[in-house]
Amino acid sequence: MAGEQIAPGAATELSQPELIKQIERARLELGRTVDAITDKVKPANVARRTMDQLKQRAQTVDPKLAGAGAVVVAGVVALWIWRRRR
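Residues numbered from 1 in each chain as written. Predicted model: local features only at pLDDT ≥ 70, side-chain atom pairs only at ≥ 80, totals over all residues. Heavy atoms only, no water.

## Considering the overall build of the protein
Note the cut-off: Secondary structure follows DSSP: runs of H or I at least 4 residues long count as helices, runs of E at least 2 residues long count as strands, and numbering of each begins at the N terminus. With a 1.4 Å probe rolled over the protein chains alone, any residue whose accessible area is under 20% of its type maximum counts as buried; one over 50% counts as exposed, and the rest are partly exposed. Areas reported here follow the Shrake-Rupley algorithm with a probe of radius 1.4 Å; residue values treat only the protein chains shown as occluding.
Regarding its fold elements, the protein presents three helices and zero strands. Listing each helix as α and each strand as β along the protein from the N terminus yields α-α-α. Residue burial in the protein is summarised as follows: out of 86 residues, 2% are buried. Surface exposure of the protein reaches about 8,100 Å², of which carbon and sulfur atoms provide 62%.

Structure (structure tokens):
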């Protein structure tokens, strides 16, 4: 069907076997498209892709930045504990 699209209103005469082949090709293509969409939106696949993206991002974090973040978090927790004891 790709590359064989017929313009609307075009005067073409197709034989019945050619029409059947075109319909079968369109049906197969539509089936593959629906399967691809179903696979793409399946919750398990979405979760897996999201986890893969998060793992990839985590691997690219600069260790110095991660250490600085840990220090900031530790400082905020220490400040919170200190204020609760007052």
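## What about the pattern of salt bridges?
The cut-off we apply is this: Here, a salt bridge means any side-chain nitrogen of Lys or Arg that lies within 4 Å of a carboxyl oxygen of Asp or Glu.
Summed over all chains, the structure comprises two salt bridges. Between Glu24 and Arg27 there is a salt bridge whose closest N-O contact spans 2.8 Å. Taken together, the residues span about one helical turn, with Glu24 and Arg27 both in helix H1 (residues 16-41) at a distance of three residues. For Glu24, a relative accessible area of 35% gives the class partly exposed.

## Considering the packing of H1 against helix H2 (residues 43-59)
Which entries qualify depends on this criterion: Think of each axis as a best-fit line through the C-alpha atoms, taken over the contacting stretch in the case of a helix, with angles from 0 to 180 degrees between the N-to-C directions. Any angle between 65 and 115 degrees counts as roughly perpendicular, while under 35 counts as roughly parallel, over 145 as roughly antiparallel, and the rest as oblique. By definition in these notes, contact holds between two residues if any of their heavy atoms fall within 4.5 Å. Just so you know the grouping, Ala, Val, Leu, Ile, Met, Phe, Trp, Tyr, Cys and Pro go in nonpolar, Asp, Glu, Lys and Arg go in charged, and all remaining residues, Gly too, go in polar.
As a packed pair, H1 and H2 sit with axes 5 Å apart at the nearest point and diverge in direction by 60°. Compared by their axis directions, H1 and H2 come out oblique. The residues of H2 that touch H1, namely those facing Asp39, Lys40 and Val41, are Pro43, Asn45, Val46 and Arg49. Its residues assigned to classes, the contact of H1 with H2 shows three nonpolar, one polar and three charged.

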